[in-house]
Amino acid sequence: MSDRTQDSEPRRIFIDKQSPKAFHALVQVAETVRATAAEAGLDRTTVELINLRVSQLNGCAYCLDRHTRAALRAGESAQRLGVLSAWRDTGLFSPLERAALALAEATTDPTDATAQTSAYEAARQVLSEDQISAAIWVAVTINAFNRVSILSKHPVPPVHDKPHDRLPSA
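Conventions we followed
Residues numbered from 1 in each chain as written. Predicted model: local features only at pLDDT ≥ 70, side-chain atom pairs only at ≥ 80, totals over all residues. Heavy atoms only, no water. Phe/Tyr/Trp six-rings, centres within 6.5 Å; stacked < 30°, edge-to-face > 60°. Helix = DSSP H or I, 4+ residues; strand = E, 2+ residues; numbered from the N terminus. Buried < 20%, exposed > 50% of the residue type's maximum accessible area, 1.4 Å probe, protein only. Core = buried A, V, L, I, M, F, W, Y, C linked by side-chain atoms within 4.5 Å. Salt bridge = Lys/Arg side-chain N within 4 Å of Asp/Glu carboxyl O.

On inspection of all chains with the given rule, the structure shows one aromatic pair. With centroids separated by 5.9 Å and ring planes inclined at 90 degrees, the aromatic side chains of Phe23 and Phe145 adopt a geometry described as edge-to-face. Placement of the pair is Phe23 in helix H2 (residues 20-40) and Phe145 in helix H8 (residues 129-152), with a sequence separation of 122 residues. Since its relative accessible area comes to 25%, Phe23 is described here as partly exposed.

Now the structure itself:
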(Lines give C-alpha, C1' and ligand atoms only; values in the text may rest on other atoms or scores of the structure.)
Protein backbone atom coordinates (compact mmCIF):
# COMPACT_ATOMS: atom_id res chain seq x y z
CA MET A 1 0.00 0.00 0.00
CA SER A 2 1.29 3.42 -0.91
CA ASP A 3 2.10 6.05 1.72
CA ARG A 4 0.94 8.74 -0.71
CA THR A 5 -2.54 9.99 -1.51
CA GLN A 6 -3.86 10.53 -5.02
CA ASP A 7 -2.45 14.08 -5.16
CA SER A 8 0.99 12.70 -4.14
CA GLU A 9 0.88 14.17 -0.65
CA PRO A 10 2.14 11.77 2.01
CA ARG A 11 -0.70 10.05 3.85
CA ARG A 12 -1.19 11.63 7.26
CA ILE A 13 -1.40 9.74 10.51
CA PHE A 14 -4.16 10.77 12.87
CA ILE A 15 -1.81 11.18 15.81
CA ASP A 16 -4.73 11.32 18.24
CA LYS A 17 -5.70 7.80 17.14
CA GLN A 18 -2.12 6.56 16.80
CA SER A 19 -1.18 7.67 20.34
CA PRO A 20 -4.48 7.66 22.25
CA LYS A 21 -2.90 7.91 25.71
CA ALA A 22 -1.09 11.12 24.78
CA PHE A 23 -4.24 12.55 23.20
CA HIS A 24 -6.33 11.59 26.24
CA ALA A 25 -3.82 13.46 28.43
CA LEU A 26 -4.27 16.54 26.22
CA VAL A 27 -8.06 16.23 26.54
CA GLN A 28 -7.66 16.07 30.33
CA VAL A 29 -5.53 19.22 30.22
CA ALA A 30 -8.26 20.94 28.19
CA GLU A 31 -10.91 19.94 30.74
CA THR A 32 -8.75 21.28 33.58
CA VAL A 33 -8.08 24.51 31.70
CA ARG A 34 -11.79 24.99 30.96
CA ALA A 35 -12.55 24.56 34.69
CA THR A 36 -9.70 26.94 35.58
CA ALA A 37 -11.11 29.55 33.19
CA ALA A 38 -14.59 29.23 34.71
CA GLU A 39 -13.18 29.52 38.25
CA ALA A 40 -11.29 32.66 37.18
CA GLY A 41 -14.47 34.23 35.82
CA LEU A 42 -13.95 33.72 32.09
CA ASP A 43 -17.29 32.63 30.64
CA ARG A 44 -17.66 29.97 27.97
CA THR A 45 -18.13 32.48 25.15
CA THR A 46 -14.82 34.18 26.01
CA VAL A 47 -13.10 30.80 26.04
CA GLU A 48 -14.59 29.98 22.64
CA LEU A 49 -13.53 33.37 21.25
CA ILE A 50 -9.97 32.56 22.31
CA ASN A 51 -10.25 29.09 20.75
CA LEU A 52 -11.53 30.56 17.52
CA ARG A 53 -9.03 33.41 17.27
CA VAL A 54 -6.08 31.09 17.83
CA SER A 55 -7.51 28.61 15.32
CA GLN A 56 -7.89 31.45 12.79
CA LEU A 57 -4.27 32.45 13.24
CA ASN A 58 -3.10 28.85 12.87
CA GLY A 59 -5.43 28.05 9.96
CA CYS A 60 -6.97 25.00 11.63
CA ALA A 61 -10.16 24.25 9.71
CA TYR A 62 -11.19 21.37 11.99
CA CYS A 63 -10.93 23.45 15.18
CA LEU A 64 -12.60 26.45 13.52
CA ASP A 65 -15.57 24.26 12.64
CA ARG A 66 -15.76 22.66 16.08
CA HIS A 67 -15.40 25.86 18.08
CA THR A 68 -17.71 27.93 15.87
CA ARG A 69 -20.47 25.45 16.67
CA ALA A 70 -19.49 25.46 20.37
CA ALA A 71 -19.57 29.27 20.46
CA LEU A 72 -23.02 29.35 18.89
CA ARG A 73 -24.28 26.79 21.42
CA ALA A 74 -22.82 28.97 24.20
CA GLY A 75 -24.87 31.91 22.93
CA GLU A 76 -22.29 33.76 20.84
CA SER A 77 -23.70 35.86 18.00
CA ALA A 78 -23.08 35.25 14.32
CA GLN A 79 -22.14 38.91 13.90
CA ARG A 80 -19.30 38.74 16.44
CA LEU A 81 -18.07 35.44 15.03
CA GLY A 82 -18.06 36.96 11.57
CA VAL A 83 -15.84 39.88 12.58
CA LEU A 84 -13.62 38.05 15.06
CA SER A 85 -10.57 38.18 12.80
CA ALA A 86 -10.88 42.00 12.85
CA TRP A 87 -11.86 42.32 16.52
CA ARG A 88 -9.63 45.37 17.03
CA ASP A 89 -11.58 47.28 14.38
CA THR A 90 -15.01 46.89 16.01
CA GLY A 91 -16.66 48.00 19.20
CA LEU A 92 -18.39 44.64 19.55
CA PHE A 93 -16.04 43.11 22.12
CA SER A 94 -15.83 44.01 25.79
CA PRO A 95 -12.58 45.21 27.39
CA LEU A 96 -12.24 41.78 29.06
CA GLU A 97 -12.68 39.98 25.74
CA ARG A 98 -10.27 42.33 23.97
CA ALA A 99 -7.63 41.72 26.64
CA ALA A 100 -8.15 37.95 26.41
CA LEU A 101 -7.92 38.03 22.60
CA ALA A 102 -4.71 40.08 22.70
CA LEU A 103 -3.19 37.57 25.15
CA ALA A 104 -4.29 34.71 22.90
CA GLU A 105 -2.60 36.30 19.89
CA ALA A 106 0.59 36.96 21.87
CA THR A 107 0.59 33.33 23.05
CA THR A 108 0.15 32.07 19.49
CA ASP A 109 3.09 34.14 18.21
CA PRO A 110 5.53 34.08 21.12
CA THR A 111 8.30 35.63 19.02
CA ASP A 112 6.60 39.05 19.03
CA ALA A 113 7.88 40.55 22.29
CA THR A 114 6.21 43.90 21.57
CA ALA A 115 2.80 42.25 21.23
CA GLN A 116 3.39 40.31 24.46
CA THR A 117 4.25 43.47 26.38
CA SER A 118 1.28 45.32 24.94
CA ALA A 119 -1.08 42.40 25.65
CA TYR A 120 0.08 42.14 29.25
CA GLU A 121 -0.27 45.90 29.79
CA ALA A 122 -3.81 45.86 28.43
CA ALA A 123 -4.72 42.70 30.34
CA ARG A 124 -3.55 44.09 33.67
CA GLN A 125 -6.02 46.95 33.26
CA VAL A 126 -9.09 44.68 33.13
CA LEU A 127 -8.19 41.12 34.08
CA SER A 128 -7.18 39.56 37.37
CA GLU A 129 -4.00 37.53 37.50
CA ASP A 130 -6.13 34.37 37.58
CA GLN A 131 -7.92 35.51 34.40
CA ILE A 132 -4.64 36.36 32.67
CA SER A 133 -3.27 32.94 33.53
CA ALA A 134 -6.48 31.19 32.44
CA ALA A 135 -6.64 33.06 29.11
CA ILE A 136 -3.05 32.11 28.36
CA TRP A 137 -3.72 28.48 29.30
CA VAL A 138 -6.75 28.40 26.99
CA ALA A 139 -4.56 29.73 24.16
CA VAL A 140 -1.75 27.27 24.92
CA THR A 141 -4.20 24.37 24.90
CA ILE A 142 -5.98 25.26 21.66
CA ASN A 143 -2.59 25.82 20.02
CA ALA A 144 -1.74 22.21 20.94
CA PHE A 145 -5.06 20.92 19.55
CA ASN A 146 -4.52 22.98 16.38
CA ARG A 147 -1.21 21.25 15.81
CA VAL A 148 -2.76 17.82 16.36
CA SER A 149 -5.51 18.54 13.83
CA ILE A 150 -3.35 20.34 11.26
CA LEU A 151 -0.57 17.74 11.27
CA SER A 152 -3.11 14.90 11.21
CA LYS A 153 -5.05 16.73 8.49
CA HIS A 154 -8.34 16.07 10.26
CA PRO A 155 -11.19 16.48 7.79
CA VAL A 156 -14.10 18.82 8.41
CA PRO A 157 -17.13 16.61 7.93
CA PRO A 158 -20.29 18.12 6.52
CA VAL A 159 -22.84 18.77 9.23
CA HIS A 160 -26.53 18.48 8.75
CA ASP A 161 -27.29 21.71 10.53
CA LYS A 162 -29.48 21.74 13.56
CA PRO A 163 -31.28 25.00 14.25
CA HIS A 164 -28.73 26.09 16.90
CA ASP A 165 -25.82 25.45 14.51
CA ARG A 166 -27.28 27.41 11.62
CA LEU A 167 -26.05 30.93 11.01
CA PRO A 168 -28.77 33.34 9.94
CA SER A 169 -28.79 34.20 6.24
CA ALA A 170 -28.50 37.76 5.00
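Let us look at unusual backbone geometry. In the Ramachandran plot, Lys153 falls in the positive-phi region, its phi being about 55 degrees despite a non-glycine side chain. Secondary-structure assignment places Lys153 in the segment after H8. For Lys153, a relative accessible area of 46% translates into the label partly exposed.

On to the nonpolar core. Residues Ile50, Leu84 and Leu103 are the most contacted members of the largest nonpolar core, which totals 37 residues. Within the residue set of this core, elements represented by two or more residues are H2, helix H3 (44-58), helix H4 (61-73), helix H6 (95-108), helix H7 (113-126) and H8. Sort the elements by how many residues they give to this core and H8 lands first, with eight residues.

Applying the stated rule across the entire model yields eight salt bridges. Asp16 serves as the salt-bridge partner of Lys17, at 3.9 Å between the closest nitrogen and oxygen. Relative accessible area serves as the criterion here: at 10%, Asp16 is assigned to the buried category. The partner of Arg124 in a salt bridge is Glu129, with the nearest N and O atoms 3.3 Å apart. Overlapping salt bridges, with partners in common, bring together Arg53, Arg88 and Glu105 in one network.

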